[in-house]
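# Survey of secondary and tertiary structure
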Amino acid sequence: MKREELLGWLREKDPKRLEHLFREADFVRRQHVGDGVHLRGLIEISNHCVRKCAYCGLRICNEGLVRYRMTESEIMGCVYTAWRLGCGTVVLQSGEDPAFTARWIAALVERIKSETPLAVTLSLGERTHADLALWRRAGADRYFLRFETSDRNLYRRIHPPHPDVPGDRIAILRDLKALGYETGSGIMIGIPGQTFDSLADDIELIRDLPIDMVGAGPYLPHPDTPLARSAPCFLAADGEQVPNTETMACKVIALIRLTCPDANIPSTTALATLNPDAGYMSGLSVGANIVMPNLTPPAYRALYAIYPRKTSMHVWAEQAVATVREQIGALGRVVGTGRGDSPRYRPQAA
Ligand code: 5AD
């Protein structure tokens, strides 16, 4: 897809024309990854974070937030629930929590891989090459790290650097690939200061990077963060600012499907949060083929507040998966079997 066409779609407002885009993306999704929707059981293992990302409720400066860190046996309980409920993968996600030492995580991954047939995805933020290499040797299959935006200035404005780590997420993604991980990345849509041009750059970067899965969800303001408090000063010029709406998110998912036909694309929780009635269905009908039901115990889930979540706060894993299965069925799709590896994944020679 040419740059002008991409930009034209990003700016398109006519619902009839958009319907055409969405149908095309759904068609390409069926051709390339089929009707199976893979379930990834999401376990939010800690909400401690040492970073100060300007948009995220887990930032270290958010002192009002009660912090938790799950124990190994709590995590294993959720892993067995994921297996029992038919998820082919568990995703272990947390803030950047140095108390999770590389060896502790490695032992956890080894245990999951030896006791279950599940694929393991880690999403633990920016970690050193040594940590990532150790976890890969321990058996981790995939790693998920969004680059959030390709606009260097915007990135710098919302990501104060970590004192010890260089913080180049693109470099980390290339490193993950070289280590043999199936890699996931992605962006937020509608960040204050994000222009249509930079969003087109994001989609082109996603197309050109060696990534196998792509998560793109709307930016949702968290009231206890600097970005939400000062959003009006950040906004791009009139007509250039990307809105953080459901339609915009659907356009981006559709365009990612068209530019990366083989990728695994989740219908994100942030999108489902914007429109709780449609839930995961809006993303699934415009190109997505993955859903990540949240299996975190409800008491912890309420505290994993990267953005305000008003729904599904008290839902237990069984109910979360049942709802997702219903939504998949209502779309005439089927729950994927097996691990749901990305067809885009080509392991690199070691
Ligand atoms: N709104 C939407 N998405 C957010 N994330 C973090 N904070 C927010 C927010 N306020 C996303 C980031 C991160 C992922 C785990 O959650 O893209 O990579």
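Going by the structure above, here's the rest.
I will try to describe carefully the structure that is included in this document.

Criteria and cut-off values
Residue indices follow the written sequence of each chain, beginning from 1 at its first position. Where local features are concerned, this predicted model is filtered to residues with pLDDT of at least 70; where side-chain atom pairs are given and counted, the filter is 80 or more; whole-chain, interface and lining totals use all residues. Only heavy atoms go into the side-chain values, all of them from the structure, while hydrogens and water stay out. A run of H or I in DSSP counts as a helix once it spans at least four residues, and a run of E counts as a strand once it spans at least two, with each numbered from the N terminus. The size measure is the radius of gyration over C-alpha atoms, and the globule rule it meets is 2.2 Å times the number of residues to the 0.38 power. Only protein chains enter the accessibility calculation, which uses a 1.4 Å probe; a residue is then buried when its area is under 20% of its type maximum, exposed when over 50%, and partly exposed in between. Only heavy atoms matter for contacts: two residues are in contact if any of them lie within 4.5 Å across the pair. Computed with the Shrake-Rupley method and a 1.4 Å probe, the accessible areas treat only the protein chains shown as cover for residues. Positive charges come from Lys and Arg alone, negative charges from Asp and Glu alone, with His and the N- and C-terminal ends not counted. By convention, the charge on Lys lies at NZ, on Arg at CZ, on Asp at CG and on Glu at CD. Definition used in this section: a nonpolar core is a set of buried Ala, Val, Leu, Ile, Met, Phe, Trp, Tyr and Cys residues joined via side-chain atoms within 4.5 Å. A strand pair is defined by DSSP finding two or more bridges across the two strands. With strands facing away from the observer, any crossover in which the path from the first strand over the helix to the second runs clockwise is taken as right-handed. Each residue is tested against the molecule or strand, and it is near if at least one of its non-hydrogen atoms lies within 4 Å. Under the rule applied, a polar contact is a pair of N or O atoms within 3.5 Å (in protein, one hydrogen donor and one hydrogen acceptor; residues adjacent in sequence only if both atoms are side-chain atoms). Residues were grouped as follows: Ala, Val, Leu, Ile, Met, Phe, Trp, Tyr, Cys and Pro as nonpolar; Asp, Glu, Lys and Arg as charged; and all remaining residues, including Gly, as polar. Between N-to-C directions, angles span 0 to 180 degrees; the directions come from axes that are lines fitted to C-alpha atoms, helices contributing only their stretch in contact. With the far helix as reference, a near helix turned anticlockwise by less than a right angle produces a left-handed crossing, and one turned clockwise produces a right-handed crossing. Only one rule defines a salt bridge in this text: a Lys or Arg side-chain nitrogen within 4 Å of an Asp or Glu carboxyl oxygen. Put simply, angles under 35 degrees are roughly parallel, angles over 145 are roughly antiparallel, angles from 65 to 115 are roughly perpendicular, and the rest are oblique.

## Section: the overall build of the protein
- Each helix and strand counted, the protein has 15 helices and eight strands in total.
- A compact globule built from 350 residues would reach a C-alpha radius of gyration of about 20 Å, and the protein, at 19 Å, matches this within 12%.
- Along the first, second and third principal axes, the C-alpha atoms of the protein reach 50 × 45 × 45 Å.
- Expressed as a percentage of the 350 residues in the protein, the buried residues total 58%.
- At a minimum sequence separation of 6, the contacts of the protein that also span at least 24 residues come to 80%.
- Only carbon and sulfur atoms are counted for the fraction: they give 55% of the accessible area of the protein, which is about 14,500 Å².
- With 42 positive and 40 negative side-chain charges, the protein shows a separation of 1 Å between the mean positions of the two kinds.

## Brief notes about the nonpolar core
- Core analysis: the biggest nonpolar cluster contains 96 residues, and Leu10, Leu122, Trp135, Tyr143 and Val252 have the highest contact counts within it.
- Looking at which element gives the most residues to this core, the answer is helix α11 (residues 246-259), with eight residues.

## Some remarks on the pairing of strand β6 (residues 213-218)
- With six of six residues buried, β6 is to be regarded as a mostly interior element.
- The two faces of β6 match: Met213, Gly215 and Gly217 on one face and Val214, Ala216 and Pro218 on the other face are all buried.
- The pairing of strand β5 (residues 182-189) with β6 spans six bridges and is parallel. By the bridge assignment, Ser185 is partnered in β6 with Val214.
- Following the chain from β5 across helix α8 (residues 196-208) to the adjacent parallel β6, one finds a crossover that is right-handed.

## Concerning the site of the ligand
- Around the ligand, the surrounding shell consists of Tyr55, Cys56, Gln93, Arg146, Glu148, Met188, Pro218, Tyr219, Leu220, Ile306 and Tyr307.
- Taking Arg146, its side chain carries an N or O atom lying 2.8 Å from an oxygen atom of the ligand.
- Of the residues assigned to the shell around the ligand, the class counts are eight nonpolar, one polar and two charged.

## Some points on the packing of helix α3 (residues 72-84) against helix α4 (residues 102-115)
- Close contact between α3 and α4 brings their axes to 11 Å; oriented N to C, the two are set at 30°. Remark: the crossing between α3 and α4 carries right-handed chirality. Packed against α3, whose contacting residues are Glu72, Ile75, Met76, Val79, Tyr80 and Trp83, the element α4 presents Trp104, Leu108, Arg111, Ile112 and Glu115 at the interface.

## Observations regarding the pattern of salt bridges
- Evaluation of the coordinates by the stated rule reveals 25 salt bridges.
- A salt bridge links Arg3 to Asp197; its shortest N-O distance comes to 2.6 Å. Residue Arg3 is found in helix α1 (residues 3-11), and its partner Asp197 is found in helix α8; the two are separated by 194 residues along the sequence.
- A residue is classified by how much of its surface remains accessible, and Arg3, at 22% relative accessible area, is partly exposed.
- Judged by its relative accessible area of 36%, Asp197 falls in the partly exposed class.
- The closest approach of N and O atoms between Arg29 and Asp26, which form a salt bridge, is 2.8 Å. Of this pair, Arg29 and Asp26 both sit in helix α2 (residues 15-33), separated by three residues, roughly a single helical turn. Take Arg29 and Asp26: they sit in the same class, and that class is buried.
- Several salt bridges converge on common partners, so that one network encompasses Lys113, Asp141, Arg142, Glu182, Arg339 and Asp341.

## Regarding the side chain of Gln327
- In this structure, Gln327 sits in helix α15 (residues 317-330).
- In contact with Gln327, not counting residues within four places along its chain, are Ala278, Gly279, Tyr280 and Met281.

## Focus on the packing of α1 against α8
- Where α1 meets α8, the closest approach of the two axes is 10 Å, and the angle between their N-to-C directions is 120°. It follows that α1 is oblique to α8 by the angle criterion. Crossing geometry of α1 relative to α8 is assigned as right-handed. In this structure, α1 contributes Arg3, Leu6, Leu7, Leu10 and Arg11 to the contact, and α8 contributes Phe196, Asp197, Leu199, Ala200, Asp201, Ile203 and Glu204.
- Grouping the amino acids of the contact of α1 with α8 by side-chain chemistry returns seven nonpolar, no polar and five charged.

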